[in-house]
Amino acid sequence: MSNGEKFIVIPYRKNRGNLVPGEMRQASNPISAEKIATSMSERFIGVAAYAVMVDEETGDMSSPRLLAKFGEIAELNPT
């Protein structure tokens, strides 16, 4: 199993009163992830930037670590 750290940004919006994630964006480093989240924060009800461990073989993500948070976000549940 080969693991690597990746940086992702997830925007959130409301749909029928529920908080739902939008399209996930990947960033090249933690500073870039925070900048992307900051720039997206005015367009969404919430945005979160995370560092996650990714199994390179399966693509499974685990061990999320919150880098930045703006507004309302949902808890990230790793599988």
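Described in the following lines is the structure provided in the data block. (Residues numbered from 1 in each chain as written. Predicted model: local features only at pLDDT ≥ 70, side-chain atom pairs only at ≥ 80, totals over all residues. Heavy atoms only, no water.)

**Regarding the overall build of the chain**
Moving on, step 1. For the chain, the helix and strand inventory stands at 1 helix and 5 strands.
Moving on, step 2. Scanning the chain from its N terminus toward the C terminus, one meets helices and strands in the order β-β-β-α-β-β.
Moving on, step 3. Taking 79 residues into account, the globule formula puts the C-alpha radius of gyration at 12 Å, and the chain, at 13 Å, falls close to it.
Moving on, step 4. Dimensions of the chain, computed from C-alpha atoms along their principal axes, come out at roughly 40 × 25 × 15 Å. (Helix = DSSP H or I, 4+ residues; strand = E, 2+ residues; numbered from the N terminus. Rg over C-alpha atoms; globule rule 2.2 N^0.38 Å.)

**Comments concerning the pattern of salt bridges**
Moving on, step 1. One pass over the full model with this rule turns up 2 salt bridges.
Moving on, step 2. Among the ionic pairs, K14 bridges to E72, the shortest N-O distance being 3.6 Å. One end of the pair, K14, is in strand β1 (residues 3-15); the other, E72, is in the segment after β5 (61-71), and 58 residues separate them in sequence. (Salt bridge = Lys/Arg side-chain N within 4 Å of Asp/Glu carboxyl O.)

**Concerning the pairing of strand β4 (residues 46-55)**
Moving on, step 1. In terms of residue burial, β4 counts as a mostly covered element, since 9 of its 10 residues are buried.
Moving on, step 2. In this structure, β1 lies alongside β4, joined through 10 bridges in antiparallel fashion. Pairing of P11 across the sheet is with V47, part of β4. (Buried < 20%, exposed > 50% of the residue type's maximum accessible area, 1.4 Å probe, protein only. Pairing = 2+ DSSP bridges.)

**A word on the environment of T38**
Moving on, step 1. Mapping T38 onto the fold places it in helix α1 (residues 30-40).
Moving on, step 2. With 10 residues separating them along the chain, T38 and A48 place their C-alpha atoms 9.1 Å apart.

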